[in-house]
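# Analysis of the macromolecular model
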Number of protein chains: 2
Amino acid sequence: VVADPGRVIVTSGFTQGLGIVCHTLVAGGAKRMALEDPWDPDARLIIARAGLEPVPIEVDEDGIRVDELARSNADAVILTPAHQHPTGVVLSGERRTALLAWLRESEAIAIEDDYDAEYRYDRAAVGALQGLEPERIVYAGTASKTLAPALRLAWLVMPRALMDTVRQEKSLADRGTARIEQYAFADFLTRGELDRHLRRMRVSYRARRDLLLEALARELPEATVHGIAAGLHATVELPPGHDERAIEAEARRRRIDLEPMSDYRLSDTAGPPTILLGYAQIPEPSIGVGVREVAAAVEAARRVA
Amino acid sequence: VVADPGRVIVTSGFTQGLGIVCHTLVAGGAKRMALEDPWDPDARLIIARAGLEPVPIEVDEDGIRVDELARSNADAVILTPAHQHPTGVVLSGERRTALLAWLRESEAIAIEDDYDAEYRYDRAAVGALQGLEPERIVYAGTASKTLAPALRLAWLVMPRALMDTVRQEKSLADRGTARIEQYAFADFLTRGELDRHLRRMRVSYRARRDLLLEALARELPEATVHGIAAGLHATVELPPGHDERAIEAEARRRRIDLEPMSDYRLSDTAGPPTILLGYAQIPEPSIGVGVREVAAAVEAARRVA
């Protein structure tokens, strides 16, 4: 990431950062912003609130469909190239090249939401796109996944040409993020504590993930698990015929909180039945029991159907 | 203030609160929001960003002109009835009655920005309007003036009918204000420390204000001082012919930071030449020296003109 201090602006979480960048792009004349489908549906509301038309673009196994993006006439795109949320897909090398070409040709702006760059388990780190085109890509990072969402600390690394406007938009949003957290976080970073914390948590999260995978292979052998090389959740695809909503309801009865992929689908195109299982906060001894309950919920939902 | 917990929402400063309330009103179909003139010009931008047409309404010696407001066809108004910023005027009893009548008749919403309710020196506390019409008035308070702007802690007390929407707008703005400050502030309040702090600071600010008034009477006898019964600044009106901008420039050369009233005028109507002097952060021994420099700046600006 090309991140000299003059390009960095601290925001009150990524959500605020997205809103501020949208307002900044509107001030520059942008009309349409593409976003990945599936993705967080609140993002669509935030984009629309800022006065941009949100344009959902399909994500397949290689990441966002850059060919669709190029046809969409969007002025900007927000995407999660390193670990797509919620599918867990990584944007392929070919797509990366195509995306950069599109950004240059159409003079568009990308927001690279690198929300869980810090949690990678079995593969080499995926480089940020921003370093390849820092004047066309906004890099967005956050402490919400690495430390705590309650901190409300995130950052944007901006193209230089947008800095003045983004500063003004941040000032109009809340006149700056609370200072105490910023000083504390700076101190935490400087003393190397964040790195130590990440190394510790990577080991812990990887152990939880491995237990989850073992339990899923045992309890739900018909499932295909995606997106597990990084992040804090697994994307569990079930054979055709399963009903995500029924599984969610049955899981809730068993005090299991899981998310159906449908919560993230922005258009009407249905995909294979898929549930999302977060594992970061589940203590190791509870993971096997939890997955057994998930399997029971899947079974119960099937009987109901 | 009618402030049961179900009506309260914490925001990242008043600025964010204003934006969120504007979005909430837009969601309910509002088109135009009136605001006091003079007032903070950023407020006009925030109102417009949310999709409302800002309508400046003149403030005279009795506060906002409610007759103009009633003619404005506004769906809402934001005002500072206890101590208008920056004029220091208090909304008169007659205007209060008229405002409440207008709110009921036109089914409008008022935002009562009670930004320095806590600092009153020589008069009985002015009651908040919100208590008289809690379903038509949003009460806005802040810790920025009483403790520190860097905390970014403010609160809205909402009409019940708007709570669901304002919660959603807050979530889309930043998913909630940082928790650490909220817990610390709650503890500070519960232990009675805020009250002790306010009592201490009232004595200290009143002493500074009195020194400022003495110094102004000595060094700038031609000035009329307004708005000194409350707040953290004095509004200093000069005889016709003075040039606010020239005084500001001459003061800056003398390392004095003052604000010309023109910074706050939203329409082209000029008023008498007026400068704003903040005194809360000036140590007592520096106030006399500072006012001497202000008087020298006024004199120098007159010679230049």
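See above for the structure.
A brief structural summary. These figures come from a predicted structure and were not determined experimentally.

Counting secondary structure elements, chain A contains nine helices and 12 strands. Taking 19 Å as the expected radius of gyration for a compact globule of 305 residues, we find that chain A reaches 20 Å, a close match to that expectation. Taking the intrachain contacts of chain A between residues at least 6 apart in sequence as the baseline, contacts between residues at least 24 apart amount to 71%. Counting every atom, chain A has about 13,200 Å² of accessible surface; 52% of that belongs to carbon and sulfur. The positive charge centre, built from 38 side chains, and the negative charge centre, built from 47, are 4 Å apart in chain A.

Quick look at the sheet that holds strand 11 (residues 259-260) of chain B now. Taken together, four strands build an open sheet; the order of strands is 9-10-12-11 (chain B) and the sheet is antiparallel. Of all strands in the sheet, those bounded by a partner on one side alone are strand 9 (224-226) and strand 11 of chain B.

Counting from both sides, the interface comprises 25 residues of chain B and, opposite them, 25 residues of chain A. At the boundary of chain B with chain A, total buried surface from both sides reaches about 2,200 Å², with 50% on carbon and sulfur atoms. Taken as a group, Arg49(B), Leu172(B) and Arg175(B) account for 29% of the area that chain B buries against chain A, more than any other trio of residues on that side. Inspection of the region where chain B meets chain A yields six salt bridges. The salt bridge partner of Arg175(B) is Asp40(A), with a shortest N-O separation of 2.7 Å. Inspection of the region where chain B meets chain A yields 14 residue pairs in polar contact (both at pLDDT 80 or more). Those elements that provide at least two residues to the side of chain B that touches chain A are helix 1 (13-27), helix 2 (41-49), helix 5 (163-174) and helix 6 (179-190) of chain B. Counting residues per element, the side of chain B that touches chain A draws most heavily on helix 5 of chain B, at six residues. By residue class, the composition of the side of chain B that touches chain A is eight nonpolar, eight polar and nine charged.

Let's shift gears to the relation of the copies chain B and chain A. Least-squares fitting of chain B to chain A yields an RMSD of 0.0 Å, with the transformation described by 0.0 Å of translation along the axis and a rotation of 180°. On the angle and the small slide along the axis, the relation comes out as a two-fold axis. Counting the interface residues of chain B, we find that 100% of their copies in chain A are interface residues as well, pointing to one common contact surface.

A word on the pairing of strand 5 (residues 76-79) of chain A. All names here are of chain A. In strand 5, alternate side chains face the same way, and those of Ala76 and Ile78 on one face and Val77 and Leu79 on the other are all buried. Strand direction decides the pairing type here: strand 2 (residues 32-37) and strand 5, joined by three bridges, are parallel. Across the sheet, methionine 33 pairs through a bridge with alanine 76, a residue of strand 5. In this sheet, strand 6 (residues 109-113) lies alongside strand 5 in parallel orientation, the contact comprising four bridges. Directly across from isoleucine 78, in strand 6, lies its bridge partner isoleucine 111. In the classification by handedness, the crossover that spans strand 5, the intervening helix 4 (residues 93-106) and the parallel strand 6 is right-handed.

Let us now look at the sheet that holds strand 4 (residues 63-64) of chain B. Two orientations exist for strands paired in a sheet by backbone hydrogen bonds: parallel and antiparallel. All names here are of chain B. Pairing is mixed across the open sheet formed by eight strands, whose spatial order is 1-8-7-6-5-2-3-4. If you trace the sheet from one side to the other, it starts and ends with strand 1 (8-11) and strand 4, each paired once. In this sheet, strand 7 (residues 137-142) lies alongside strand 6 (residues 109-113) in parallel orientation, the contact comprising four bridges. Across the sheet, alanine 110 pairs through a bridge with isoleucine 137, a residue of strand 7. Each of strand 1 and strand 8 (154-157) is contacted by helix 5, which is oriented at about 20° to strand 1, the strand it contacts most.

Residue and element names in this part refer to chain B. Inspection of every chain in the model, using the stated rule, returns six aromatic pairs over all chains. Relative to tyrosine 205, the ring of tyrosine 119 has its centre 4.9 Å away and its plane inclined at 75°; by these criteria the two rings are edge-to-face. With tyrosine 119 in the loop between strand 6 and strand 7 and tyrosine 205 in helix 7 (residues 193-219), this pair connects stretches of sequence that are 86 residues apart. Centroid distance tryptophan 155 to phenylalanine 185: 5.5 Å. Interplanar angle 20°. Geometry classified as stacked. Here the residue tryptophan 155 occupies a position in strand 8, and phenylalanine 185 occupies one in helix 6, the gap between them amounting to 30 residues. Classification of phenylalanine 185 as buried rests on a relative accessible area of 11%.

Looking now at the pairing of strand 7 of chain B. Residues and elements named next belong to chain B. With respect to burial, strand 7 is a largely interior element, six of its six residues being buried. Alternating positions in strand 7 separate into two faces, Ile137, Tyr139 and Gly141 on one and Val138, Ala140 and Thr142 on the other, with burial throughout. With four bridges joining them, strand 7 and strand 8 adopt antiparallel strand pairing. The residue bridging glycine 141 from the neighbouring strand is tryptophan 155, located in strand 8.

This paragraph deals with the pattern of salt bridges. In a structure, side chains of opposite charge can pair up when their charged atoms sit close to one another. Throughout the structure, instances matching the rule amount to 62 salt bridges over all chains. The salt bridge involving Glu293(A) is made with Arg254(A); its shortest N-O contact spans 3.9 Å. Here the residue Glu293(A) occupies a position in helix 9 (residues 284-304), and Arg254(A) occupies one in the loop between helix 8 (244-253) and strand 11 (259-260), the gap between them amounting to 39 residues. Note that Arg32(B) and Glu53(B) form a salt bridge whose closest N and O atoms lie 2.9 Å from each other. Of this pair, Arg32(B) sits in strand 2 (residues 32-37) while Glu53(B) is found in strand 3 (residues 53-60), placing the two residues 21 residues apart along the sequence. Residues joined in a network through salt bridges with shared partners are Asp4(A), Arg7(A), Glu135(A) and Arg160(A).

The next thing to look at is the packing of helix 1 (residues 13-27) of chain A against helix 5 (residues 163-174) of chain A. All names here are of chain A. Where helix 1 contacts helix 5, the two axes come as close as 9 Å, and the packing angle between them is 125°. By the angle between their axes, helix 1 is oblique relative to helix 5. Classified by chirality, the crossing of helix 5 by helix 1 is right-handed. Across from Gln16, Ile20, His23, Thr24 and Ala27 in helix 1, the residues of helix 5 making contact are Thr165, Val166, Glu169, Lys170, Ala173 and Asp174.

What follows concerns unusual backbone geometry. All names here are of chain A. Residue proline 38 follows aspartate 37 across a cis peptide bond; omega there is 10°. With respect to the helices and strands, the residue proline 38 is situated in the loop between strand 2 and helix 2 (41-49). In this structure, arginine 175 is a non-glycine residue whose phi angle is positive, near 55°. Topologically, arginine 175 is positioned in the loop between helix 5 and helix 6 (179-190).

Let us look at the nonpolar core. Residues and elements named next belong to chain B. One finds Tyr205, Leu212, Leu220, Leu258, Leu277 and Val294 to be the most contacted residues of the largest nonpolar core, which totals 35 residues. Secondary-structure elements contributing two or more residues to this core are helix 7, strand 10 (233-237), helix 8 (244-253), strand 12 (274-278) and helix 9 (284-304). Excluding its chain neighbours within four sequence positions, the residues that come into contact with leucine 258 are Ile247, Glu248, Ala251, Ile275, Leu276, Leu277 and Val294.

What counts, and where the lines are drawn
Per chain, the residues get numbers from 1 upward, laid out in the order the sequence is written. All chains are assigned letters beginning with A, and all ligands numbers beginning with 1, in the order in which they are written. Owing to the predicted nature of the model, reporting of local features is limited to residues with pLDDT of at least 70; listing and counting of side-chain atom pairs is limited to 80 or more, with chain, interface and lining totals taken over all residues. Here the side-chain values reflect all heavy atoms present in the structure, with hydrogen atoms and water set aside. Labels follow the DSSP assignment, with helices taken as runs of H or I lasting at least four residues and strands as runs of E lasting at least two, numbered in each case from the N terminus. Based on C-alpha atoms, the radius of gyration is set beside the globule rule, defined as 2.2 Å times the residue count to the power 0.38. Contacts between residues were defined by any pair of non-hydrogen atoms, one from each residue, lying within 4.5 Å. Working definition of accessibility: Shrake-Rupley area with a 1.4 Å probe, residue cover restricted to the visible protein chains. Positive charges come from Lys and Arg, negative ones from Asp and Glu, while His and the chain ends are left out of the count. By convention, the point assigned to a charge is CZ for Arg, NZ for Lys, CD for Glu and CG for Asp. The rule for pairing is simple: two strands pair if DSSP sees at least two bridges between them. Two parts lose some accessible area (1.4 Å probe) when they are put together, and adding that loss for both gives the buried area. By salt bridge we mean one thing: a side-chain nitrogen of Lys or Arg within 4 Å of a carboxyl oxygen of Asp or Glu. Pairs of N or O atoms are called polar contacts if they sit within 3.5 Å, as long as, within protein, a hydrogen donor faces a hydrogen acceptor (for residues adjacent in sequence, only side-chain-to-side-chain pairs). Only Asp, Glu, Lys and Arg are considered charged in this grouping, and only Ala, Val, Leu, Ile, Met, Phe, Trp, Tyr, Cys and Pro are considered nonpolar; every other residue, Gly among them, is considered polar. Superposition of the copies was done by least squares, using only C-alpha atoms of residues whose pLDDT is at least 70 in both. Here's how the labels work: a residue is buried when its accessible area is under 20% of the maximum for its type, exposed when over 50%, partly exposed in between, all with a 1.4 Å probe on protein chains only. Look down the strands so they point away from you; if the path from the first strand over the helix to the second goes clockwise, the crossover is right-handed. Simply put, an axis is a line fit to the C-alpha atoms, just over the touching stretch for a helix, and the angle between two N-to-C directions goes from 0 to 180 degrees. Stacked, tilted and edge-to-face are the three classes applied to pairs of Phe, Tyr and Trp rings, where Trp contributes its six-membered ring and a pair requires centres within 6.5 Å; stacked means planes under 30 degrees apart, edge-to-face means over 60, and tilted covers the rest. An angle below 35 degrees is read as roughly parallel, one above 145 as roughly antiparallel, one from 65 to 115 as roughly perpendicular, and any other as oblique. It is the rotation of the near helix from the far one that decides the hand of a crossing: anticlockwise by less than a right angle makes it left-handed, clockwise makes it right-handed. Residue types Ala, Val, Leu, Ile, Met, Phe, Trp, Tyr and Cys, when buried and joined through side-chain atoms within 4.5 Å, form a set referred to as a nonpolar core.

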